[in-house]
Each structure stands twice: as structure tokens, then as C-alpha cells.
Amino acid sequence: MSKKHLRQRAKEIAGEYGYLSYMIERYLSLWGEDDTLRFIEACVRPIRTAIRVNTLKTTIGSLVSRLESKNVTLERIPWLEEGFWADFGTGSPGALFEHMLGYYYVQGVPSMTASSVLDPQEGEVVVDMAAAPGGKTTHIAQLMNNSGTVIAIDSDRKRIASLESNIQRCGVANSLVVRGDSRKLSHMGSTPDRIMLDAPCSGEGLIPLEPSRKTSRSMADVRFCATKEDELLEAAVNALAQGGTMVYSTCSIAPEENEYVVDGVLQRHPEMRVVEIPLEFGSPGYVEPYGVGLDSSLSMARRFLPHLHGTEGFFICKLMKEEESA
Amino acid sequence: MTADLMDPNDWADVTNQIDGEFGDGTTKALLGGQAPIIIQRGESNTIYLIPMDWIGRIEEYEGYNIRSMGVQMGDLSKGRFRFSLQILPALAKITDRVLVVSQKGAETFTYGRSIIKESVVRLGSAMKKGQRVLVLNERLECLGLAALSIDGDRLGRLAKEKLVAKNLVDIGAYVRGA
């Protein structure tokens, strides 16, 4: 398809489905017309509610039995031991006692997958660089069995209140919550063994949850987010311990905020490499989006896409910092 | 906001208040092997319990505003200590100062309401008016804290709609955003 023809077709599709034209143009370039239309169709279907069992407070078997006795239908998420799709019928997932008691956390499947990919270990120092409202922080604490330290950073006072509430509800005892700019992470005395950077982004993957996103952000917004994501990732790389592991994720489907950002870091930091994710989910990261050749190891990153996986759009990349040779 | 080790005199006051209501040794049992620290929030001070090996690291977080560390134990304001919701499940494991409520009572309590006679499943007869008690459901899960409006030995004489305990804090606050 010629550039002119692609632009014309993008304009027609954008007009018909209420998107901004630049978005459809990019989708056509990435996926072609059939998948673009499938994506648009998937974005009007509701995303299934999912919960994560909080094993700091209960066991999987006990919670499953309690929720099923309340007519909640649960289906195990194959790659997440503590994750379930949950149908609460007409009830609200947050209104049950079991939720107030901190026995489960209502969380998107990609978000709980990101913490599992990070795979934090007991006794480690782990930093969550954009922690509020606390889904990943509480999950990381759970995976560490409340040992070691989870340093949760966020800059927004109101969102930190939600983070602290979730930490308390979930019985997290190993967290340290600080307010500030994560880009100054290397000034902190700690050298984290692992870092979770679920970066603030344009939210282009959230169209199924927020239809207004079809028209609310321009290409300049995407570029602005990409710049900030690049700064955050740079800070993470500089602070991470040698031999340490990190996860970079966003709820954007834009390669500009994902593969491009990681590719930039790989070029600047030869000590960093993308590593295999040992869980089966999603589809591979892009190594040649819009015809731009990127580091081939980016195929080990994973993407969630509404039309392929029935979730919100999401990007997850696991990176490791090589130890300096003596 | 900064974090500091707790003043021993303030800690002694907190210990007296807790042990006075929930029994001698309660504060020590809650503390376990942890250290109490204070984070100032405006007029009040919030007490957190942190692992001993975190003490030396408080100063590592320069440039950041420390909001919380470890387990939130409660607030100390004008000499009066108030438990936080987070510590209550631990307290429930070590005290018998509890009020057990029915399913219906548990539901109304977690909507922020107080407890009436018909909701009470169990209350110790030795408990006194004004005393703080943990409110548990019939599975013995901690739902919050209440202040008794009657002496425990008067429960049997109350009409079913009469107030037994006033809600001080409950886990519904997590979803109400209080």
C-alpha cells in the first residue's frame, strides 16, 4: 500500500470508528488492514475482570472455595499461579468481605504478569519506580513473602494515599513508600537487586477500558511520554545492581514507547541485555516496527494485544545488567 | 516528612495505653523483634514497626519524602494513641478483648455502622463500658475496632435494637476511601 493510499484509508477507518487518523495510520503500518479492524472490534468488547489471590493473607484453595460459594465464577490464568479471571455477576468485585480483608486484589492480567516476570526473590531489595496505586508493589511483596525490602516510589500525593491503603489492606510489611522523582533513583543509597518500571505512558493500550483514549492523545503526547520513559529507564539502568534484573512495562501499544525506548538503552548500555521470559503468554515484541530495524533481542519482549489476547494492550520486557568482569 | 526512631517516653505512653486496655505484654507481643519509628504527618505522628536491620538505612533515602515504612501501628496525637487498621489482625491473635458479631452485624459494621445487641454472637462478661474491643466475624476474622457502650455483664438485659459498641474504625474504610 502506498503512503498516500495508506493515509487515505486510515482517514476513512478513523472517521468510521471515531479514532484519530494518526493512530490508524500506525496500526495499518504495523498490522495491515485485517488486524487493524480486528483490533478496533476487540476494543469495544469488555475486558474480563481478573483477581490475584493475596497469599500473604490467605491460600488459593481457601479463597477459591469462599468466592465460589458466593457464586463468583473463577477460571485460572494458565501462566499465573495466583491469578484468576473472575465473573462477579452483577456484584462489584470490591464489595465482598474477602476483598476488604485483603484476600484478593482486582488487577489486570498484564499487570500481574509483569510482577511475575520480574520474579522477585525473598530477602532482595526491589524498587517499584511508579508504584501507585500498588497492584505491583503488593504483588512483589507477596512473591517475596514479606521479606527483604520493596521500595515503592511515586510522585503523586493522592495516588500515594491509594498505594498506602492497598499496602495495609494486603498486609504488606516489607514496603518502604517514598514520594519523589524516580529519575533520581541513583541518588538513593540502595542498590536494588530488581527494579519494576511500569512507566507512566500514553495509555494507548487502554482503549478497551477508556474509549475516550481513541481521541484524547496526539502523536506529540506519545513522543512526550517516550522521552519521559527513556529518562526513567536510564535512571533504572544506572541504579540497578550488577547482575540485577528489571522489568520495563507500559500499558501502551506504541512501539515508540516500548521497543524504541528499550532499543535506545541497549545501544547506550552494552552491559544491558534483554532476557527470555520463562512464562507462556502474549506475542513477541517487534524488531522491525514501521520498517525500522531494532535490536533483534527485542523479540524476547512480550506484547498483550486486545484482538489477540483479550486483554488491554501492554508491553513487558525483562532486562538484565551484566556483572563487570574483573 | 522524615522518619525517626521513637522517643522512649512516647513509646512508654503508647505501651501503657495499649496494655491498659488489651492486657499486660500486648505491646511487647505486637512489637515482636521490630523497632518502632515515627513519621510526622502534620499535627499527628504515625508509628510504624520496622525490622531492626532497617534502622541504619533510614538516612539512605535522601532526596525522597518517606511516607511509610513496614507495618503501620497507629497514630499518636496529643498523647492519645489510635490503632491503625493494618495492625488489628495481629492484635486479634494475642488478645481476648473481642466482640464476635453475626453475618448481618459484620455487614452493617463494615458500612461504618455501630453494633446493636441482635448482632452480638459473643462478648466477654468482664468487659467494661468505654473499653476498646476488636470486632470479629464468626470466622474470627478481624473487621475493626469498637468502643463498648455497655458493661459486658449487662448484655443479656438489653433489648435487641440497643447499642452495644460504637464503630471506631472498620475494614470497609479500605473501599470507602476513608
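Residues numbered from 1 in each chain as written. Chains lettered and ligands numbered in written order. Predicted model: local features only at pLDDT ≥ 70, side-chain atom pairs only at ≥ 80, totals over all residues. Heavy atoms only, no water.

Quick look at the layout of surface pockets now. All names here are of chain A. Counted as a void, the largest pocket has a volume near 930 Å³. Taken together, 41 residues line the largest pocket, and the ones lying closest to its centre are Ala132, Pro133, Lys136, Arg159 and Asp198. Only β4 (104–106), α5 (109–118), α6 (135–143) and α9 (219–239) provide two or more residues apiece to the lining of the largest pocket. The element best represented in the lining of the largest pocket is α5, accounting for three residues. For the lining of the largest pocket, the per-class residue count stands at 20 nonpolar, 11 polar and 10 charged. (1 Å grid on protein atoms, 1.4 Å probe; cavity = no way out; pocket = protein on both sides within 12 Å on 5 of 7 lines; lining within 4 Å. Points joined across faces, edges and corners; volume = space filled by probe spheres on them. Helix = DSSP H or I, 4+ residues; strand = E, 2+ residues; numbered from the N terminus. Nonpolar A, V, L, I, M, F, W, Y, C, P; charged D, E, K, R; others polar.)

Negative phi characterises most residues that are not glycine, and trans characterises most peptide bonds. Residue and element names in this part refer to chain A. A cis geometry characterises the amide bond from alanine 132 onward to proline 133, with omega recorded as 5 degrees. Mapped onto the elements, proline 133 comes out in the loop between β5 (125–128) and α6. The phi dihedral of tyrosine 290 falls on the positive side, at around 55 degrees, and the residue is not glycine. Considering the arrangement of structural elements, one finds tyrosine 290 in the loop between β11 (283–284) and β12 (302–304).

Another point: the domain arrangement of chain A. Residue and element names in this part refer to chain A. If you check the domain split of chain A, you get domain 1 (3–42) and domain 2 (109–321). With centres defined by C-alpha atoms, the gap from domain 1 to domain 2 works out at 28 Å. Across the contact, 15 residues belong to domain 1 and 19 residues belong to domain 2. Joining domain 1 to domain 2, the criterion identifies two salt bridges. As a salt-bridge pair, glutamate 204 and arginine 26 come within 3.0 Å of each other at their nearest N and O atoms. (Domains from an automatic or database assignment. Contact = heavy atoms within 4.5 Å. Salt bridge = Lys/Arg side-chain N within 4 Å of Asp/Glu carboxyl O.)

Sheets are built from strands that pair by backbone hydrogen bonding, the pairs being arranged parallel or antiparallel. Residues and elements named next belong to chain B. Taken together, five strands build an open sheet; the order of strands is β1-β2-β3-β5-β6 and the sheet is antiparallel. Every other strand in the sheet has two partners, leaving β1 (3–5) and β6 (80–83) as the edge strands with one partner each. Neighbour-to-neighbour, the strand axes of the sheet open up by a mean angle of 30 degrees, direction not taken into account. Relative to strand β2 (residues 34–41), β1 runs antiparallel, the two being bridged by three bridges. Residue pairing across strands places alanine 3 opposite isoleucine 39, the latter belonging to β2. Of the strands in this sheet, β2, β3 (44–51), β5 (71–77) and β6 are in contact with helix α1 (residues 8–22), which crosses β6 at around 60 degrees. (Pairing = 2+ DSSP bridges. Axes fitted to C-alpha atoms, helices over the stretch in contact; angles between N-to-C directions.)

It is worth spelling out the environment of A:Thr73 at this point. Residues and elements named next belong to chain A. Inspection of the secondary structure puts threonine 73 in strand β2 (residues 73–76). Along the backbone, threonine 73 and tryptophan 85 are 12 residues apart, and their C-alpha atoms lie at a distance of 8.1 Å. With residues up to four places along the chain from it excluded, the contact list for threonine 73 reads Trp85, Ala86 and Asp87.

Residue and element names in this part refer to chain B. According to the domain assignment, chain B contains domain 1 (3–84) and domain 2 (96–176). Taken together, the contact between domain 1 and domain 2 spans seven residues of the former and seven residues of the latter. With both chains or domains summed, domain 1 and domain 2 bury close to 620 Å², and 45% of this area falls on carbon and sulfur atoms. Summed over the three residues of domain 1 that lose the most area to domain 2, namely Glu21, Phe22 and Phe83, the buried surface amounts to 78% of that side. Scanning the region where domain 1 abuts domain 2 turns up one salt bridge. Put simply, arginine 132 and glutamate 21 hold a salt bridge, and the shortest N to O gap is 2.5 Å. The interface formed by domain 1 and domain 2 contains four residue pairs in polar contact (both at pLDDT 80 or more). Secondary structure elements with two or more residues in the side of domain 1 that touches domain 2: α1 and β6. Residue contributions to the side of domain 1 that touches domain 2 peak at four residues, all from β6. Residue classes in the side of domain 1 that touches domain 2 are distributed as three nonpolar, one polar and three charged. (Buried area = accessible area lost by both parts, 1.4 Å probe. Polar contact = N/O pair within 3.5 Å; in protein donor to acceptor, adjacent residues only side chain to side chain.)

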